[in-house]
Amino acid sequence: MFTTLISAAQLQNLQANGTPLLVLDCTFDLMNPPAGHAQYAEQHIAGAQHADLDQHLATHDPALRVNGGRHPLPQRESFAAWLKIIGMNHNTQVVVYDRNGMNYCGRLWWMLKWCGHEAVAVLDGGLQAWVAVGGALASGEEAARAPGNFVLREPLVKLVNTATVSAHLNNGKQTLIDARGAPRYRGEVEPLDPVAGHIPGALNRPFNTNLNAEGFFKSADELRAEFVALLGDTQPETVVHHCGSGVSAVPNVLAMEVAGLGRTALYAGSWSEWCNTPGLPCEKS
C-alpha cells in the first residue's frame, strides 16, 4: 500500500502487476479553470481520469459545502458518491498527480483520507516524472469504468473550522502554518482575496519549498530538518495548515508526514474564509 508518495517507476510496477488501481489527473489552472481539462485531454497518463478542482474537489452549492472560502469542501457523502461513479472500490490503490508542482493533486490525496481511504499516494514529480521514465500516455477522454463499491469510513485526517482556529488563536494549543507565498503572507500583495495579510501568529512556509530543483519532494531528512527549524520548540501535533483556499496547504501536510512528523490538521476555509468573517483579526508584517 502506498500512502504518501509513489515514484513513476513504482506506478509502472503496479500497472504491470495488475494491482487494482485508479489514477486521477488533477491538472488545473487557477486563472483559467477550463484549461485544466484541456491539458488533460491533450496528454495524460494512460487510463487516468480527470478530477477537476472546481467540479469534483470543491462545491459552491451552499447546501453541500462544509466550509467557506474560495474552494469549499463538498460534504463527504457527496464526494463519496462521485468516487463510486468513477469506479473506486475499497481495495483500490489510488494514485493522484498533476503537472502543477503536485499542488492540486494534494487536495484529492487529503480528501480521500478524509473519506477514510488510506491507500492513496501522490505521484512524486507529477506528469513530468512519468514522461521522463517513458510511461504510457494517452489523449482525449478515457472510457467510463464500472461503478465502484466505495462507502465512507471514519476520517483519517483532521479538519479544523474557523471557530476552532479563532478559539485557539492565543492559547498556545495550535500552531498555524500558512502555505502562501511570502509576499501574500506579509500582506504586500493580494491577487485573490479582499483583504491582504495573514492570521495573527501564523508561521509562513510556501508550499513549493517542499520540492527540490528537479521538481520532486525533498528527502524525509531534509523536510524534517526544515520543519523542525520552523517550529522550534513547538510540538508538531499542534500544527494546523492553511493557505488561501485550503488547496496549496496540503503539500505541507504531506511533507510533514513524509518527514515523519505525523499527520497534521488542515484548516480548509483558510485565509479566504478567515478574512471574510466579520470580527476576526488580520495581521500584516
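Right above here is the structure, for reference.
Here's a quick rundown of the structure. Since the model is a prediction, treat every value here as computed from it, not as a measurement.

## What about the packing of helix α4 (residues 104–114) against helix α9 (residues 250–258)?
Item 1. At their nearest, the axes of α4 and α9 sit 8 Å apart, and the two run at 65 degrees to each other. With respect to α9, the element α4 is oriented roughly perpendicular. The two elements α4 and α9 cross, and the hand of that crossing is left-handed. Contact residues: G106, R107, W109 and W110 in α4; V250, V253, L254 and E257 in α9.
Item 2. Class assignment of the residues belonging to the contact of α4 with α9 gives a composition of five nonpolar, one polar and two charged.

## A look at the state of the cysteines
Disulfides are covalent bonds that link the sulfur atoms of two cysteine residues.
Item 1. Throughout the structure, instances matching the rule amount to zero disulfides.
Item 2. Here C115 is not cross-linked by a disulfide; its sulfur's nearest cysteine counterpart is in C26, at 14 Å.
Item 3. Looking at the unpaired C275, the closest cysteine sulfur is the one in C282, lying at 6.1 Å.
Item 4. A residue is classified by how much of its surface remains accessible, and C275, at 10% relative accessible area, is buried.

## Some thoughts on helix α8 (residues 220–231)
Item 1. Taking 1.5 Å per residue, 12 residues should reach 16 Å; α8 reaches 16 Å between its end C-alpha atoms and fits that length.
Item 2. Those residues of α8 not exposed but buried are L223, F227 and L231. For α8, the angular spread of buried residues about the axis comes to 60 degrees, placing them on one side. Pointing more than 90 degrees away from the buried face of α8 are the exposed residues D221 and A229.
Item 3. Where α8 is buried, its residues meet β9 (175–178), β10 (203–204), β11 (239–242) and α9.
Item 4. At the exit of α8 stands G232, carrying a positive phi of roughly 65 degrees.

## So, the environment of A163
Item 1. With respect to the secondary-structure elements, A163 resides in helix α6 (residues 162–167).
Item 2. Taking relative accessible area as the criterion, A163 reaches 55% and is therefore assigned exposed.

## Examining a nonpolar patch on the surface
Item 1. Taken together, the side chains of L30, M31 and L192 define a hydrophobic patch exposed on the protein surface, amounting to about 270 Å² of accessible area.
Item 2. Within the fold, L30 resides in the loop between β2 (21–25) and α2 (34–42).

## Structural notes on the pattern of salt bridges
Item 1. Applying the stated criterion across every chain, the model contains 12 salt bridges.
Item 2. For the salt bridge of E188 with R186, the shortest nitrogen-to-oxygen distance reads 2.6 Å.
Item 3. Classification of E188 by relative accessible area gives exposed; the value is 52%.
Item 4. With relative accessibility at 31%, the residue R186 sits in the partly exposed group.
Item 5. Among the ionic pairs, E226 bridges to R205, the shortest N-O distance being 2.8 Å. Taken together, the positions of E226 in helix α8 and R205 in the loop between β10 and α8 put the pair 21 residues apart, joining distant regions of the chain.
Item 6. On the accessibility criterion, R205 (8% relative accessible area) is buried.

## Brief notes about the packing of aromatic side chains
Item 1. Going through the model one piece at a time under the given rule, you end up with three aromatic pairs.
Item 2. Geometrically, the ring pair formed by F28 and Y104 is edge-to-face, given 5.4 Å between the ring centres and 70 degrees between the ring planes. Of the two residues, F28 is situated in the loop between β2 and α2 and Y104 in helix α4; the sequence distance between them amounts to 76 residues. Like F28, the residue Y104 is buried in the burial classification.
Item 3. We note R205 situated over the ring of F227; from NZ or CZ to the ring centre the distance is 4.3 Å.

Scoring rules and cut-offs
Residues numbered from 1 in each chain as written. Predicted model: local features only at pLDDT ≥ 70, side-chain atom pairs only at ≥ 80, totals over all residues. Heavy atoms only, no water. Axes fitted to C-alpha atoms, helices over the stretch in contact; angles between N-to-C directions. Helix = DSSP H or I, 4+ residues; strand = E, 2+ residues; numbered from the N terminus. Parallel < 35°, antiparallel > 145°, perpendicular 65-115°, else oblique. Left-handed = near helix turned anticlockwise from the far one by under 90°. Contact = heavy atoms within 4.5 Å. Nonpolar A, V, L, I, M, F, W, Y, C, P; charged D, E, K, R; others polar. Disulfide = S-S within 2.5 Å. Buried < 20%, exposed > 50% of the residue type's maximum accessible area, 1.4 Å probe, protein only. Expected span 1.5 Å × (residues − 1). Arc of directions from axis to C-beta. Patch = residues over 30% accessible without salt bridge, like charges linked within 9 Å, V, L, I, M, F, W, Y side chains within 5 Å. Areas by Shrake-Rupley, 256 points an atom, 1.4 Å probe, with all protein chains shown as cover. Salt bridge = Lys/Arg side-chain N within 4 Å of Asp/Glu carboxyl O. Phe/Tyr/Trp six-rings, centres within 6.5 Å; stacked < 30°, edge-to-face > 60°. Lys NZ or Arg CZ within 6 Å of the ring centre and 35° of its normal.

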